[in-house]
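In case you want the letters, here they are:
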Amino acid sequence: IHPINTVKKTSFEVMDPLVMEYKQKIMAVSEKAPERIKMQVQQRALVFAKGVVWCERNVLPGMAVAFEFLKLMFLKVQPYFNSQNMQDIIPAIFGLVLCFFGGYFPLVIAATEAFRMAGFEGMKSSMQDIYRQVMTAFEAHQKDEAEDKDGDGTPDVQQISSQQLITRKAQLFLRSVDPAKMNASLNFLLT
């Protein structure tokens, strides 16, 4: 008997059906992996599932709240942003950050100036391109979530298996983004 199969079920595992659902999804996806990886993933499927559920319940809601707050703040200050006053705001924020670096002042200033001269504009345009592509994909995702082709009142994405859902969402993402722009932007950011 394999040691993984002899471990007693914890109360968390028995009581939380979401953990068990994610564990089953992880086990199903791992079937397509190479044998060495498959065995490792299956042995740790419960740990992965608990991590996913913890992130889903703790991290994602916090990120959503933070995103909405930042979006609201940006919308409030957006009328005051233009290229002229941004040249004053960015250095002011940078100066505030520098206050917390103590003895690394010259190094941080040198690194920042080198970055501004060599890669800032390219990174800025790449980030804007990625943002636009992701927002296009997100809009397509929202439409797909509400789509009910068979007209039974339940969205189609809730009526398919987890593997079909993963495949469907991956295909939707790939159809909705411009691969040339995404590739160029990611290449610039990763080099």
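Model, not experiment: these values are computed from the prediction.

## So, the overall build of the protein
Stage number 1. Tallying secondary structure elements over the protein gives nine helices and zero strands in all.
Stage number 2. Secondary structure elements in the protein, listed N-terminal to C-terminal, are α-α-α-α-α-α-α-α-α.
Stage number 3. Counting only residues that meet the buried cut, the protein has 17% of its 191 residues in that class.
Stage number 4. A fraction of 53% describes how many contacts in the protein between residues 6 or more apart in sequence connect residues 24 or more apart.
Stage number 5. Accessible surface computed for the protein: about 14700 Å², of which carbon and sulfur atoms make up 66%.

## Considerations on the nonpolar core
Stage number 1. Core analysis: the biggest nonpolar cluster contains eight residues, these being V19, Y22, I26, V41, A45, L46, A49 and V53.
Stage number 2. Only α2 (17-30) and α4 (45-77) provide two or more residues apiece to this core.
Stage number 3. Sort the elements by how many residues they give to this core and α4 lands first, with four residues.
Stage number 4. Apart from the residues within four sequence positions on either side, A49 is in contact with V19, Y22, K23 and I26.

## Quick word on the environment of D156
Stage number 1. Within the element layout of this structure, D156 appears in the loop between α7 (120-146) and α8 (162-176).
Stage number 2. Remark: the alpha-carbon pair of D156 and D144, spanning 12 residues in sequence, is separated by 8.3 Å.

## Thoughts on a nonpolar patch on the surface
Stage number 1. A cluster of nonpolar side chains, I93, L96, V97, F100, F101, Y104 and L107, forms an exposed patch at the surface whose accessible area comes to about 780 Å².
Stage number 2. The dominant element in the nonpolar patch, judged by the number of residues it contributes, is helix α5 (residues 83-98), at three residues.
Stage number 3. Relative to the assigned elements, L96 resides in helix α5.
Stage number 4. The exposed category is assigned to L96, whose relative accessible area is 54%.

## What to know about the confidence of the model for the protein
Stage number 1. Model confidence for the protein is summarised by a mean pLDDT of 82, while 87% of its residues fall at 70 or above.
Stage number 2. Per-element averaging of pLDDT across the protein places helix α1 (residues 11-15) at the bottom with 53 and helix α9 (residues 179-190) at the top with 90.

## Thoughts on the side chain of S185
Stage number 1. Looking at the secondary structure, you find S185 in helix α9.
Stage number 2. When near neighbours in sequence (up to four residues on either side) are disregarded, S185 contacts S126, D129 and I130.

## Things to note about the pattern of salt bridges
Stage number 1. This structure, assessed with the given rule, holds nine salt bridges.
Stage number 2. Note that E113 and R116 form a salt bridge whose closest N and O atoms lie 3.4 Å from each other. Within this pair, E113 and its partner R116 are both found in helix α6 (residues 105-118), separated by three residues, close to a single helical turn.
Stage number 3. Look at E113 and you get partly exposed, because its relative accessible area is 35%.
Stage number 4. Judged by relative accessible area, which is 51%, R116 ranks as exposed.
Stage number 5. Among the salt bridges present, the one from R168 reaches D144, with a minimum N-O distance of 2.5 Å. Of this pair, R168 sits in helix α8 while D144 is found in helix α7, placing the two residues 24 residues apart along the sequence.
Stage number 6. Sharing partners across several salt bridges, the network here consists of D144, E145, E147, R168 and K169.

## Considerations on the packing of α2 against α4
Stage number 1. α4 packs onto α2 with a crossing angle of 125 degrees between their chain directions and a minimal axis gap of 8 Å. Classed by the angle they form, the pair α2 and α4 counts as oblique. Crossing of α2 over α4 shows right-handed handedness. Residues L18, V19, Y22, K23, I26 and M27 of α2 lie in contact with α4, whose contacting residues are A45, L46, F48, A49, K50, V52, V53, E56 and R57.

Quick notes on the rules
- Along each chain, numbering runs from 1 in the same order as the chain's sequence is written.
- This being a predicted model, a pLDDT of at least 70 is required before a residue's local features are given, and a value of 80 or more before pairs of side-chain atoms are given or counted; all residues contribute to the totals for chains, interfaces and linings.
- Remark: hydrogens and water are excluded; side-chain values derive from all non-hydrogen atoms of the structure.
- Helix and strand definitions follow DSSP, with helices as H or I runs of at least four residues and strands as E runs of at least two, each counted in order from the N terminus.
- Classification of residues uses two cut-offs on accessible area relative to the type maximum, computed with a 1.4 Å probe and protein chains only: under 20% is buried, over 50% is exposed, and between them is partly exposed.
- By definition, residues are in contact when any of their heavy atoms lie within 4.5 Å.
- Using a 1.4 Å probe, the Shrake-Rupley method yields the accessible areas, and only the shown protein chains count as cover for residues.
- Throughout, nonpolar core names a set of buried Ala, Val, Leu, Ile, Met, Phe, Trp, Tyr and Cys residues whose side chains join them through atoms within 4.5 Å.
- For patch detection, residues must exceed 30% relative accessible area and be free of salt bridges, and they are connected within 9 Å for like charges or within 5 Å for nonpolar side chains (Val, Leu, Ile, Met, Phe, Trp, Tyr).
- Just to be clear on terms, a salt bridge is a Lys or Arg side-chain nitrogen sitting within 4 Å of an Asp or Glu carboxyl oxygen.
- On a range of 0 to 100, pLDDT expresses the predictor's confidence in each residue.
- Axis definition: a line fit to C-alpha positions, over the contact stretch in the case of helices; interaxial angles, taken between N-to-C directions, run 0 to 180 degrees.
- For classification purposes, angles smaller than 35 degrees are called roughly parallel, those larger than 145 roughly antiparallel, those between 65 and 115 roughly perpendicular, and all remaining angles oblique.
- Crossings are assigned a handedness: left-handed for a near helix turned anticlockwise from the far helix by less than a right angle, right-handed for a clockwise turn.

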